[in-house]
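Here are the chains, one letter per residue:
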Amino acid sequence: MRVFRRSSADATEGQAQDSQPALAPEAPAKSKQPAQTGKGRPTPKRSEAEANRYRSLTGTTTSGRNRSSAAAPSRKLTPEEKDKARARARTDRDRQLQAMRRGEEWALQPRDRGPMKKLARDYVDAHRRPSEFYMYALVILVISLVAGKSHKALNSDLQFLLLAIIAVIIVDALLLRRSISKLAKERLPGESTRGITFYSIMRALQLRRFRNPAPRVKPGESF
């Protein structure tokens, strides 16, 4: 009986074909990002960048300086010029202080400006009120507390005196509020009275000689 067998050549060829790995499909070529283009303008100098950093829409800097003034160096003042500048500034301050004491509108602080504040100052200055003397009473009270700290009976009496002073100030403030509101409606109708009560009370609590602006009217005078 004849047996058919594969030849050694065929077996070797088959084994060689089986041992060869399968070729992987060709991978798609990677797409390269296009090179980034430049900014298209030269880099400005540092002086130009500093000058344009604070430039507003109108073409000037935020401090009001243009390019020419910013680039120009400032000249140093001589000692004589510095002395003159200090003397001029001192004169201006003294003139403004005197004008403030006289009650001139241009020299007043914002909290003292306006016809309503002027009316409140004149009304407070034209009347003697109990609140005006609370500083004297407070000084006497403090001295009494320090001198009589070892006397318990005196300390208790001084505490009642302190409560009485506070009560008098509160009652006087309420009366002042009613009076100044009524006067404001008569003299300045339509004007806002916001903050006028506190302003009047604080001025009434100050000693007359230390009030600023200085009183224009004396107690009992009409205004």
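One can find the structure itself at the top, above this paragraph.
Residues numbered from 1 in each chain as written. Predicted model: local features only at pLDDT ≥ 70, side-chain atom pairs only at ≥ 80, totals over all residues. Heavy atoms only, no water.

**Q** Would you mind going over the pattern of salt bridges in detail, with residue names and values included?
**A** Applying the stated criterion to the full structure yields 10 salt bridges. We note a salt bridge from D125 to R203, for which the minimum N-O separation is 3.0 Å. Taken together, the residues D125 in helix 5 (residues 115-125) and R203 in helix 8 (residues 196-205) connect sequence positions 78 residues apart. A single burial state applies to D125 and to R203, both of which are buried. For the salt bridge of R208 with E132, the shortest nitrogen-to-oxygen distance reads 3.7 Å. (Salt bridge = Lys/Arg side-chain N within 4 Å of Asp/Glu carboxyl O. Helix = DSSP H or I, 4+ residues; strand = E, 2+ residues; numbered from the N terminus. Buried < 20%, exposed > 50% of the residue type's maximum accessible area, 1.4 Å probe, protein only.)

**Q** Describe the layout of surface pockets, with residues and values.
**A** For the second largest pocket, the calculated volume is near 160 Å³. Forming the boundary of the second largest pocket are R111, D112, K117, G195, F198, Y199, M202, R203, Q206 and N212. Ranked by residue count, the leading element in the lining of the second largest pocket is helix 8, at four residues. Split by residue class, the lining of the second largest pocket holds three nonpolar, three polar and four charged. (1 Å grid on protein atoms, 1.4 Å probe; cavity = no way out; pocket = protein on both sides within 12 Å on 5 of 7 lines; lining within 4 Å. Points joined across faces, edges and corners; volume = space filled by probe spheres on them. Nonpolar A, V, L, I, M, F, W, Y, C, P; charged D, E, K, R; others polar.)

**Q** Quick rundown of a nonpolar patch on the surface? Include the residues and the values.
**A** Nonpolar side chains collect at one region of the surface, where M135, L138, V142, V146, F160, L162, L163, I166, I170 and L174 lie side by side and expose about 920 Å² of accessible area between them. Elements represented by at least two residues in the nonpolar patch include exactly helix 6 (134-147) and helix 7 (152-187). Element by element, the count of residues in the nonpolar patch is highest for helix 7, at six residues. Mapping V142 onto the fold places it in helix 6. With relative accessibility at 46%, the residue V142 sits in the partly exposed group. (Patch = residues over 30% accessible without salt bridge, like charges linked within 9 Å, V, L, I, M, F, W, Y side chains within 5 Å. Areas by Shrake-Rupley, 256 points an atom, 1.4 Å probe, with all protein chains shown as cover.)

**Q** Break down empty space enclosed by the protein for me, citing the residues and quoting the values.
**A** Evaluated as defined, the whole model comprises one cavity of 30 Å³ or more. Put simply, the largest cavity is a space of about 50 Å³. Lining the largest cavity are R102, G103, K118, R121, D122, D125, R203, P213, A214 and R216. At four residues, the largest contribution of residues to the lining of the largest cavity is made by helix 5.

Remember that the coordinates give geometry; whether it matters functionally is a separate question.
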